[in-house]
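Fold and contact review
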Amino acid sequence: MKTGLYFSLIFFCLNVITLKAQVTGLEIGNKSPEIVLKNQKGDSVALSSLKGKLVLIDFWATWCSPCLEEQPKLAKLYKKYNQKEFTCGTGFEIFGVSLDSRQSSWEEVIAREKITWIQVSDLKFWKSPVAKTYSIKALPYNVLIDRDGIILMKNLHGDELEKALAGFVVK
Amino acid sequence: MKFKAPVILMILMATIMTAFVASPSSSAGEPWSASQLLSPADLAKTLNNQKIPHPVIYSIGPQAVIKESIDIGSTRDKANLEKLKNNVAKLPKEANIVIYCGCCPFGNCPNIRPAFELLNKMGFKNHKLLNLTQNIKVDWIDKDYPVNY
């Protein structure tokens, strides 16, 4: 009788955890809202296509100075962690979402900074529906998600971001 | 009980001083004075009133979001600074000019200083910087002030 009760309790808890993870939202533990935007070549890229990896969604723009300063730092992290095995994903990817309005500026900075990770934008500046979906009020802003798209951390920069990534590496 | 009033006065003074020091729109060491900062609410009020003259508004940042504003582009680029120079050259020195960027807080903005210094150097008398303390999103778009689109 007691064993049955324990099993029921465990089953209930697992259900609650699963249910929480399935909720799409912006809180840690929520499933990150889907983003489908075009890359520089005009091809649609979906955030969900990165399922299985640890992903940093980097909201930035070429008109944002702190964002530009951050790109070389992201490049270092990308190089260091891209092929690593994490407790919450296989490999590290960056999904760069630009709130630019000018295609030329966007492409110029991607080329200048030699950015090799995924870059997407609808070139709608603050009118971009993605800015609304993710409730972004200022740039830079980022969201770290796990292999299932679950939000792990939000708006980490510099050493804090590196520490977070290092903490997820399989020892 | 005797020292209550002076203590309250000191707290009040400290609060006021802190507010001035911490103010993101502080003008100390900047090419503009405090009186040359225009509040977004005041500009919005002007733009919503068709019976009064409107200033000439230049966007010197990412996009000409504000209604009636002229798109110059980021004035951290010399070519765009030259564009601003050519554009304002035709205006009388007494013209009411407003410039704005709104990419980020003033401390991080690479565009407002070169543009404002240019207007100072050219001898304009009534040029102002729009006091977007956070960015164009928070201080203008989210307040439903008039936009170009």
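This text gives an overview of the structure that appears in the document.

**Quick word on the interface of chain A and chain B**
Contacts between the two partners involve 13 residues from chain A, matched on the other side by 17 residues from chain B. It is A:Trp63, A:Phe125 and A:Trp126 in chain A that bury the most area against chain B; as a group they hold 38% of the surface buried on that side. Linking chain A with chain B are two salt bridges, by the criterion used here. At the surface where chain A touches chain B, the tally comes to five residue pairs in polar contact (both at pLDDT 80 or more). Each residue belonging to the side of chain A that touches chain B can be placed in one class, and the counts come to seven nonpolar, three polar and three charged.

**Some remarks on the packing of helix α2 (residues 65–81) of chain A against helix α5 (residues 158–168) of chain A**
Residue and element names in this part refer to chain A. Their axes nearest at 11 Å, the elements α2 and α5 cross at an angle of 10 degrees. Classified by the angle their axes make, α2 and α5 are roughly parallel. Across from Leu-74, Leu-77, Lys-80 and Tyr-81 in α2, the residues of α5 making contact are Leu-161, Glu-162, Leu-165 and Ala-166. Its residues placed into classes, the contact of α2 with α5 shows six nonpolar, no polar and two charged.

**Thoughts on the sheet that holds strand β8 (residues 141–145) of chain A**
All names here are of chain A. Taken together, the five strands give an open sheet; going across it, the order is β7-β6-β3-β8-β9, and neighbouring strands pair in mixed fashion. Either end of the sheet is taken by a strand with one partner, and the two such strands are β7 (118–121) and β9 (151–154). Adjacent strand axes in the sheet meet at a mean angle of 20 degrees when their direction is disregarded. In this structure, strand β3 (residues 54–60) lies alongside β8, joined through five bridges in antiparallel fashion. What sits directly across from Phe-59, in β8, is Tyr-141. Across the sheet, helix α3 (residues 103–112) touches β3, β6 (92–98) and β7, and the angle it forms with β7 is around 170 degrees.

**Quick word on the state of the cysteines**
Residue and element names in this part refer to chain A. Here the structure, examined in full by the defined rule, presents one disulfide over all chains. Paired by a disulfide, Cys-64 and Cys-67 hold their sulfur atoms 2.2 Å apart. Residues Cys-64 and Cys-67 share a disulfide whose torsion about the S-S bond is about 80 degrees; that sign makes it right-handed. Classification of Cys-67 as buried rests on a relative accessible area of 0%.

The rules we used
Residues numbered from 1 in each chain as written. Chains lettered and ligands numbered in written order. Predicted model: local features only at pLDDT ≥ 70, side-chain atom pairs only at ≥ 80, totals over all residues. Heavy atoms only, no water. Contact = heavy atoms within 4.5 Å. Buried area = accessible area lost by both parts, 1.4 Å probe. Salt bridge = Lys/Arg side-chain N within 4 Å of Asp/Glu carboxyl O. Polar contact = N/O pair within 3.5 Å; in protein donor to acceptor, adjacent residues only side chain to side chain. Nonpolar A, V, L, I, M, F, W, Y, C, P; charged D, E, K, R; others polar. Axes fitted to C-alpha atoms, helices over the stretch in contact; angles between N-to-C directions. Helix = DSSP H or I, 4+ residues; strand = E, 2+ residues; numbered from the N terminus. Parallel < 35°, antiparallel > 145°, perpendicular 65-115°, else oblique. Pairing = 2+ DSSP bridges. Disulfide = S-S within 2.5 Å. Buried < 20%, exposed > 50% of the residue type's maximum accessible area, 1.4 Å probe, protein only.

Worth remembering: the numbers are spatial, not functional.
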